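One letter stands for each residue in the lines below.
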Amino acid sequence: MSGAGRRRRRRSGAGPAEVMQTPEVGDSTAAGTTTARREVHFANTGFPHRGFTSARRNTPFHKGPSKRRIPQHSQLEESPDPQKIAPLLRKQWKLYSGTPMYCFSHARLKDYSRQLSVFIAAEKQKGMAVQMGLDLVVKVALSTLLGLKGRERDPDAILIQLMSKPPFAASNSEDKVVWTGWFCCTFGDEEVLDFLPEPFTCLPLFLVNGTETFTALVGSWFQKTFDCCISDFAISSRDLSWMAAMWTGYDVHSHLAPTELLFSVPIHPQSLDISYAIHPEDARALWDDIHKNRDEVTEEEVQLFLNCLYSHFFRHFKIHLSATKLVKVSTSVASVHCDGKVKFLCSDHLTQVLAFLTELAINQIQY
């Protein structure tokens, strides 16, 4: 097995991350300005949940599973729309988790599009900065994303697009998509779906690509309209290890890329990043030698896979990667960072990747 490692330093002099709250009535910024890139934190603007409890409660001390079943390709009749799936690939998405939505209806997507458009226009009238140069009218389109369900009982995924005319564009020019988000539940937890009361719809995974201001506006509207709570979530090094092992074992016939692991070493006054790239055929050969049951993956197999890679790296560079923090995993299937950012690289295994992310999103929900 061949491997390559490289180290690079980055400055850590930046101040603490700024926080942007969900827009509330009366809050405003100067009209026509551009909001700086900041992390979005949603506040729950809904009412107390109407009698919804869970058979289990996730806590900060919740222990992850010791084994996971490998999700199979969906056997449902719905097939993904290539034109709608293509824009989801090779684009960075920010992950959020959402509690079940109260009285959400897939049959009312056109009504929701109009309501959200009116809400955004009202916020702009209050002075809420959206994005410099955009047309005053922001059009909203909600539609169904077919083919992203794992089972029949999973709710259909919902795509949200915000569109506006480019700066200085002719009046008859086409609108440009300026923000995209989508809710999905792929191979949703059967225990949660069984216990969910009828008025609720479980779409726990919310993915966003676009400015934080639009994200806050859309998230605020969903929270107020459907009595839910949306929050961002990070991905632990342990879950990243599972992704590295499981996704290495998927058959990919195009876009073969190295399995790359990024580690962080907190060293003051500078931090150290270590990037470890493994040839995809070598990584697959190692995993095939370790993994025995094709229906499930065990924690012992994942740990053995990582330990073998760590030992190989130590022989070459005399660095104990087990003492560092795994912060990013990139394979031929997908790339995921611990701060909750993901990029889908292969349409063939999109549902399997979404199944893992759906599990993580559901585990973030506190009942």
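These numbers come from a predicted model, not from an experiment.

Student: Which parts of the structure should I look at to understand the overall build of the protein chain?
Tutor: If you tally the helices and strands in the protein chain, you get eight helices and 18 strands. Sorting the 367 residues of the protein chain into buried and exposed places 47% on the buried side. Summing over all exposed atoms, the protein chain offers an accessible surface of approximately 18200 Å²; the carbon and sulfur share of this is 52%.

Student: Help me understand the confidence of the model for the protein chain in this model?
Tutor: Residues shown with low pLDDT carry predicted positions that ought not to be read at fine detail. Taken over all residues, the pLDDT of the protein chain has a mean of 81, while the share at 70 or more is 76%. Predicted confidence for residues 2–38 stays below pLDDT 50, and this span has 83 contacts to residues more than four positions away or in other chains. Confidence drops under a pLDDT of 50 for residues 44–62, and excluding neighbours within four residues, the segment shows 43 contacts in the predicted structure.

Student: Just checking my understanding: could you explain helix α5 (residues 237–248) for this structure?
Tutor: Since one α-helical turn is 3.6 residues long, residues separated by three or four positions face the same way. Between its first and last C-alpha atoms α5 spans 16 Å; for twelve residues at 1.5 Å apiece the expected length is 16 Å, and the two agree. Among the twelve residues of α5, ten are classified as buried, and the element is accordingly described as predominantly covered. Inspection of α5 places Asp-239, Leu-240, Ser-241, Trp-242, Met-243, Ala-244, Ala-245, Met-246, Trp-247 and Thr-248 among the buried residues, and these make up the whole buried set.

Student: Could you clarify how one ought to interpret the pairing of strand β14 (residues 270–278) in this entry?
Tutor: Where a strand is regular, its side chains alternate between the two sheet faces. Of all nine residues in β14, eight are buried, a share of seventy percent or more. Of the strand pairs in this sheet, strand β13 (residues 259–265) and β14 are connected by seven bridges, and their pairing is antiparallel. Looking at the pairing, Ser-264 lines up with Asp-273 of β14. Between β13 and β14, which pair antiparallel in sequence order, lie four residues.

Student: Which parts of the structure should I look at to understand the packing of α5 against helix α7 (residues 299–317)?
Tutor: To describe two helices that pack against each other, one gives the angle between their axes and the distance between the axes. The interhelical angle for the contact between α5 and α7, taken along N-to-C directions, is 85°, at an axis separation of 9 Å. Considering their axes alone, α5 and α7 lie roughly perpendicular with respect to each other. In this structure, α5 contributes Arg-238, Ser-241, Trp-242, Ala-244, Ala-245 and Thr-248 to the contact, and α7 contributes Glu-299, Val-302, Phe-305 and Leu-306. The residue makeup of the contact of α5 with α7, split by class, is six nonpolar, two polar and two charged.

Student: Even after reading the chapter, I still don't get unusual backbone geometry, so can you show me in this structure?
Tutor: Most peptide bonds take the trans form, and the phi angle of most residues other than glycine is negative. Positive phi is not limited to glycine here, since Asp-227 has a value of about 50°. Mapped onto the secondary structure, Asp-227 falls in the loop between α4 (212–226) and β12 (230–232). Despite not being glycine, Lys-318 has its phi angle at roughly 55°, a positive value. Residue position: Lys-318 is located in the loop between α7 and β16 (325–330). By relative accessible area, which is 57% here, Lys-318 ends up exposed.

Student: What exactly am I supposed to notice about the packing of aromatic side chains here?
Tutor: Under the definition given, this model contains 17 aromatic pairs. For the pair Phe-183 and Phe-222, a centre-to-centre distance of 4.9 Å together with 45° between the ring planes defines the contact as tilted. Placement of Phe-183 in strand β9 (residues 176–184) and of Phe-222 in helix α4 is noted, with a sequence separation of 39 residues between them. Across the pair, Phe-222 and Phe-183 agree in class, each one buried. Among the aromatic residues, ring-to-ring pairing joins Tyr-96, Phe-104, Tyr-112, Phe-183, Phe-206, Trp-221, Phe-222 and Phe-226 into one connected group. Just above the ring of Trp-242 sits the side chain of Arg-68; from NZ or CZ to the centre is 4.6 Å. Cation over ring: Lys-94 sits above Tyr-96, and NZ or CZ is 4.9 Å from the ring centre.

Student: For this particular structure, what's the right way to read the side chain of Thr-298?
Tutor: Within the secondary structure, Thr-298 sits in strand β15 (residues 296–298). With relative accessibility at 18%, the residue Thr-298 sits in the buried group. Contacts of Thr-298, omitting those with residues within four sequence positions, involve Ser-66, Lys-67 and Trp-242.

Student: How should the environment of Lys-139 be read in this particular structure?
Tutor: Here Lys-139 shows up in strand β7 (residues 139–145). For the pair Lys-139 and Val-178, spaced 39 residues apart in the sequence, the C-alpha separation amounts to 10.0 Å. Once residues within four sequence positions are removed from consideration, Lys-139 is found in contact with Gln-161, Leu-162, Met-163 and Asp-175. Only 3.0 Å separates the side chain of Lys-139 from the side chain of Asp-175, close enough to count as a polar contact.

The rules behind each value
Residues numbered from 1 in each chain as written. Predicted model: local features only at pLDDT ≥ 70, side-chain atom pairs only at ≥ 80, totals over all residues. Heavy atoms only, no water. Helix = DSSP H or I, 4+ residues; strand = E, 2+ residues; numbered from the N terminus. Buried < 20%, exposed > 50% of the residue type's maximum accessible area, 1.4 Å probe, protein only. Areas by Shrake-Rupley, 256 points an atom, 1.4 Å probe, with all protein chains shown as cover. pLDDT = per-residue confidence, 0-100. Contact = heavy atoms within 4.5 Å. Expected span 1.5 Å × (residues − 1). Pairing = 2+ DSSP bridges. Axes fitted to C-alpha atoms, helices over the stretch in contact; angles between N-to-C directions. Parallel < 35°, antiparallel > 145°, perpendicular 65-115°, else oblique. Nonpolar A, V, L, I, M, F, W, Y, C, P; charged D, E, K, R; others polar. Phe/Tyr/Trp six-rings, centres within 6.5 Å; stacked < 30°, edge-to-face > 60°. Lys NZ or Arg CZ within 6 Å of the ring centre and 35° of its normal. Polar contact = N/O pair within 3.5 Å; in protein donor to acceptor, adjacent residues only side chain to side chain.

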